[in-house]
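# Report on the structure
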Amino acid sequence: MSSLAVTFVTSDRTVWSGSASQVVVPAADGSMGILPRMQPTLAILDRGVVRIHDESGQVTEREVAGGFVSVDADVVTIAVDRAARRDPAER
Amino acid sequence: MGAQQREYKKRIGSAQGMKKIFKAKEMVAASRIAKAHARVLATTPYADAITRAIGAVATHSGDVAHPFLDQERSSSGRAGIVLITADRGMTGSYSHNVIRAAEELANALQEEGKTPVLYVVGRKGETYYRFRNRPPHEAWAPYHEGELPELGHEIAQRVTADLLSEDPETHLDELYLVGTRFKTRFQQVARATRLVPIEVVDADEDHGTARPTYPLYEFTPDAEQVMDELMPRYLESKLVNILLQSMASEHAATQRAMKTATDNAETQVKKFTRLANSARQAEITQEITEIVGGADALSGSGRKER
């Protein structure tokens, strides 16, 4: 089974990296789901929530404000200006 | 104890005190280098991602037009220079080196008929220009080490506004960055680089050399808007990166300067100890000579008892 190699970075650190089965990002023209074998895409992100489903089914959520995402041969790079935990109780 | 000896003892004492201070500063700087360098490395993934994305947009949508990419920007003849210096002294030649690099660049620009406009970070750079009666266009000083990313954001917004400004009084044709690159703990280089116009690596120019091939991207919403979003971020990431690198370099320079100062203090202590010893010896010799001389004088007088 193919999976996505995800790197989620902000300007000064790496927030999350690893392999995931599904990623949902808030693209500028609406929420965008990313699954393995998606066509190469470069999208601008709006304010919203990035959701990463990793291979064991765990979900990581981060509130982001502006940035971009690039998808290329199952390599997903999410680069945002700011990322905040959605729920402080999480983790 | 003689006056001379006391004087030397005093000097030894003060040199020892200073040595302790220098040593402490050296160790503080040494511990901060690693932390500052780690912060530089932490920004690398983001910078890489943004550089790759820009490369992808530029190679795949041949007709991207962005004001930062325009190679022929010459409307106002003003060239911005962002100069990054230290806030404090005791950093050896750190600030001096970047200021010299900025001055060389400013002179070169002036010879080309452009007007250099200075954006200075750090108190050392600011006072340098203020003292010479050429106050910088904009100065950020003093700054805090913990807030460098925010500072980078602020500077990026300011210069982006000036770069895109329509007003010939504030418009900038070009933008240069003068900062210190942190290569290793022992080697830092002050260097000036041009940031705008950005040179996009052109796919047509060097086919032979190995260069990354970018997939055919689908752009959301479209290539132009993606470029508009990416450019300011690219500028900002470059700025933040050089700010952090300069900070790490400043600590490295401080460490080196303080090491030299500690060594110097040690030499002083050694030198004054030698002098104090020979002064003491001279005093003893003189005392002996006086006693012997006195005894000789007594025996020569013919008196049997004292």
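These numbers come from a predicted model, not from an experiment.

### A look at the overall build of chain A
In terms of helices and strands, chain A carries zero helices and seven strands. In chain A, the succession of α and β elements from N to C terminus is β-β-β-β-β-β-β. Its C-alpha atoms give chain A a radius of gyration of 12 Å, within 12% of the compact-globule value 12 Å for 91 residues. Seen through its C-alpha atoms, chain A measures out along the principal axes to roughly 35 × 30 × 25 Å. Expressed as a percentage of its 91 residues, the buried residues of chain A come to 35%. Pairs at least 24 residues apart make up 44% of the contacts formed inside chain A by residues separated by at least 6 positions.

### What about the interface of chain B and chain A?
Accessible area lost when the parts come together is the quantity often used to give the size of an interface. Residue-level contacts link 24 residues of chain B with 22 residues of chain A. Looking at the side of chain B that touches chain A, the elements with two or more residues in it are α1 (3-60), β6 (218-220) and α5 (223-300) of chain B. Residues that form the side of chain B that touches chain A fall into these classes: 17 nonpolar, four polar and three charged.

### Looking at the UniProt feature "domain: ATP synthase F1 complex delta/epsilon subunit N-terminal" (unreviewed entry) in chain A
Mapped onto the present numbering, the UniProt feature "domain: ATP synthase F1 complex delta/epsilon subunit N-terminal" (unreviewed entry) falls on residues 5-83 of chain A. Along residues 5-83 of chain A, the helical share is 0% and the strand share 77%, with 19 Å between the first and last C-alpha atoms.

### Looking at the environment of Pro232(B)
Residue and element names in this part refer to chain B. As for its position among the elements, Pro232 is in helix α5. For the pair formed by Pro232 and Ala156, sequence separation is 76 residues and the distance between their alpha carbons is 7.4 Å. Residue contacts for Pro232: discarding those within four places in its chain leaves Ala156 and Thr160.

### Remarks on the sheet that holds strand β2 (residues 115-121) of chain B
Residue and element names in this part refer to chain B. What the five strands build is an open sheet, ordered β3-β2-β1-β4-β5; its pairing is mixed. With one partner strand each, in any of the chains shown, β3 (138-140) and β5 (187-196) form the two edges of the open sheet. Within the sheet, the average angular offset between the axes of one strand and its neighbour, ignoring direction, is 25°. Here β2 pairs with β3 via three bridges, running parallel. Opposite Val120, over in β3, you have Ala139 as the bridge partner. The sheet contacts of helix α2 (residues 94-111) involve β1 (78-84), β2, β4 (174-184) and β5, and relative to β4 the element is tilted by about 150°.

### A short note on the packing of α1(B) against α5(B)
Residues and elements named next belong to chain B. Relative orientation of the contacting elements α1 and α5 amounts to 165°, with a least axis distance of 6 Å. Classified by the interaxial angle, the pair formed by α1 and α5 is roughly antiparallel. The way α1 lies across α5 gives a crossing that is left-handed. In the contact of α1 with α5, the residues fall into 34 nonpolar, 14 polar and twelve charged.

### Some thoughts on the confidence of the model for chain A
When pLDDT is averaged across chain A, the result is 86; 92% of the residues are at 70 or more. Element-level pLDDT for chain A is lowest in strand β7 (residues 83-85) of chain A, with a mean of 77, against a maximum mean of 91 in strand β3 (residues 30-34) of chain A.

Conventions we followed
Residues numbered from 1 in each chain as written. Chains lettered and ligands numbered in written order. Predicted model: local features only at pLDDT ≥ 70, side-chain atom pairs only at ≥ 80, totals over all residues. Helix = DSSP H or I, 4+ residues; strand = E, 2+ residues; numbered from the N terminus. Rg over C-alpha atoms; globule rule 2.2 N^0.38 Å. Buried ≥ 20, exposed ≤ 12 C-beta atoms within 10 Å, placed from the backbone. Contact = placed C-beta atoms within 7 Å. Nonpolar A, V, L, I, M, F, W, Y, C, P; charged D, E, K, R; others polar. UniProt positions renumbered as here; feature names shortened; annotations may be inferred. Pairing = 2+ DSSP bridges. Axes fitted to C-alpha atoms, helices over the stretch in contact; angles between N-to-C directions. Parallel < 35°, antiparallel > 145°, perpendicular 65-115°, else oblique. Left-handed = near helix turned anticlockwise from the far one by under 90°. pLDDT = per-residue confidence, 0-100.

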